[in-house]
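# Structural characterization, general
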Amino acid sequence: MKIEKHAVFEGVYWVFAEGKKFLATKSTIKNFKIHGEQLFESKGEQFRAWDPYTSKLAAAIVKGLKTFPFKKGTRVLYLGSASGVTPSFISDVIGTEGLIYCVEFAPRVMREFLMKCERRENMLPIMGDARRPDTYEETIEGKSDVLYEDVAQPDQAEILVKNAEKLLKPGGSAFLAIKSQSIDVTKPPRQVFAQVLAKLEEKFNVLQAIELEPFDKDHLFAALTLKK
Ligand SMILES: C[S@@+](CC[C@H](N)C(=O)[O-])C[C@H]1O[C@@H](n2cnc3c(N)ncnc32)[C@H](O)[C@@H]1O
């Protein structure tokens, strides 16, 4: 087995094992899996396989994402945390000095997510509706360095803008997973993506837009920064 640091992204690794190449993070909590991911041991450290088929951020990295604003100490606001798969990998990267506030409105997935948060002290659950940042802004200490949204809703762009206006630092980074099927099933995905990006350009600089096939069908992953 061989472990290599990602050429640029802090806290991201490649594990070469069993004749395959895995994207991975270093486990901050050993032997604590989030969804049955493979674990690899090397020189007293443990690495967790980060599967691009179950995490859109992993898919974006594998497909050539150029910016990665997460590092030790980063403060993140994450909208649509579900059971916490992607947040858990961000949690590994930002470490105990960082914080990731996770907003989710579905009670069933939130219950599952709460069990994951018990051992990850830097993951803070917020039971709330991402359309209403006014209902949780007081729970959040200061503005975030990074805003991440994966809610699969027709008003994805508006939700991002509302949260950025209140809770993202000027010039801060934002990532948005755009699911064309949630916005308009009658239009070709690329037409939907272009409309969403045009809307976002009023508030954000669009750094990169990555189609996530073959990992996620009809999804675009947009890397943005908030205009100052
Ligand atoms: C595609 S899943 C997220 C997967 C997760 N980001 C990951 O990578 O592990 C979308 C989640 O967003 C949640 N969601 C949708 N609309 C929401 C809203 N308005 N407020 C909060 N959560 C929302 C859904 O309940 C669902 O759990």
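Residues numbered from 1 in each chain as written. Predicted model: local features only at pLDDT ≥ 70, side-chain atom pairs only at ≥ 80, totals over all residues. Heavy atoms only, no water.

## Topic: the overall build of the protein chain
- Check the secondary structure of the protein chain and you find 6 helices and 12 strands.
- Taken against the 2.2 N^0.38 rule, which gives 17 Å for 228 residues, the C-alpha radius of gyration of the protein chain at 17 Å falls within 12% of a compact globule.
- Taken along its principal axes, the extent of the C-alpha atoms in the protein chain is 50 × 40 × 35 Å.
- Among the 228 residues that make up the protein chain, the fraction classed as buried is 54%.
- Split by element, the accessible area of the protein chain, about 10700 Å² in all, is 51% carbon and sulfur.
- Across the protein chain, the centroid of the 34 positively charged side chains sits 3 Å from that of the 31 negatively charged ones. (Helix = DSSP H or I, 4+ residues; strand = E, 2+ residues; numbered from the N terminus. Rg over C-alpha atoms; globule rule 2.2 N^0.38 Å. Buried < 20%, exposed > 50% of the residue type's maximum accessible area, 1.4 Å probe, protein only. Areas by Shrake-Rupley, 256 points an atom, 1.4 Å probe, with all protein chains shown as cover. Lys, Arg positive; Asp, Glu negative; His and termini not counted. Charge placed at Lys NZ, Arg CZ, Asp CG, Glu CD.)

## As for the site of the ligand
- The environment of the ligand is formed by 18 residues, the closest being Y78, T86, E104, D129 and Q153.
- Between the ligand and G80 there is a distance of 3.0 Å, counted from a nitrogen atom to a backbone nitrogen or oxygen.
- A distance of 2.8 Å separates a nitrogen atom of the ligand from a polar side-chain atom of Q153.
- Starting from 610 Å² of accessible surface for the ligand in isolation, the protein chains cover 85%.
- When grouped by side-chain class, the residues that make up the shell around the ligand number 8 nonpolar, 5 polar and 5 charged. (Near = heavy atom within 4 Å. Polar contact = N/O pair within 3.5 Å; in protein donor to acceptor, adjacent residues only side chain to side chain. Nonpolar A, V, L, I, M, F, W, Y, C, P; charged D, E, K, R; others polar.)

## Side note on the nonpolar core
- Grouped together as the largest cluster of nonpolar side chains are 36 residues, with contacts concentrated most on W50, L57, L65, F68, F70, I90 and F221.
- For this core, the secondary-structure elements that each account for two or more residues are α1 (56-62), β6 (75-79), α2 (85-94), β7 (99-104), α3 (107-117), β9 (144-149), β10 (168-179) and β12 (219-226).
- In terms of domain composition, this core takes at least three residues from each of domain 1 (2-51) and domain 2 (58-226).
- Beyond its immediate stretch of four places on either side in the chain, W50 contacts V12, L23, A24, T25, S55, L57, A58, I61, F68 and F89.
- Formed by 31 residues, the second largest nonpolar core is a distinct cluster that contains A130, V192, L197 and F204. (Core = buried A, V, L, I, M, F, W, Y, C linked by side-chain atoms within 4.5 Å. Domains from an automatic or database assignment. Contact = heavy atoms within 4.5 Å.)

## Quick look at the pairing of strand β5 (residues 45-49)
- Counting buried positions along β5 yields 4 of 5 residues, so the element is predominantly enclosed.
- Where strand β4 (residues 39-42) meets β5, 4 bridges bridge the pair, whose relative direction is antiparallel. Residue E41 lies in a different strand from β5, and its bridge partner there is Q46.
- Taking the residues that link successive antiparallel strands as the turn, the β4-β5 hairpin has 2 residues, and the phi of K43 there is positive, at about 50°. (Pairing = 2+ DSSP bridges.)

## Looking at the packing of aromatic side chains
- In total, this model carries 11 aromatic pairs according to the counting rule given.
- Where F70 meets F175, the ring centres are 5.9 Å apart and the plane angle is 35°; that geometry is what we call tilted. Here F70 is found in the loop between α1 and β6, whereas its partner F175 is found in strand β10, with 105 residues between them in sequence. In terms of burial, F70 and F175 fall into one category: buried.
- A connected cluster of aromatic rings, assembled from ring pairs, spans F9, F68, F70, Y78, Y148, F175 and F221.
- Across the ring face of F32, the terminal group of R119 is positioned such that the distance to the ring centre comes to 4.7 Å. (Phe/Tyr/Trp six-rings, centres within 6.5 Å; stacked < 30°, edge-to-face > 60°. Lys NZ or Arg CZ within 6 Å of the ring centre and 35° of its normal.)

## Regarding the packing of helix α4 (residues 156-167) against helix α6 (residues 189-200)
- Taken N-terminus to C-terminus, the directions of α4 and α6 make an angle of 20°; their axes are 10 Å apart at the nearest point. In this view, α4 runs roughly parallel relative to α6, as classed from their interaxial angle. When you trace α4 past α6, the crossing you get is right-handed. Residue-level inspection shows A157, E158 and L160 of α4 in contact with α6, the latter providing V196, K199 and L200. (Axes fitted to C-alpha atoms, helices over the stretch in contact; angles between N-to-C directions. Parallel < 35°, antiparallel > 145°, perpendicular 65-115°, else oblique. Left-handed = near helix turned anticlockwise from the far one by under 90°.)

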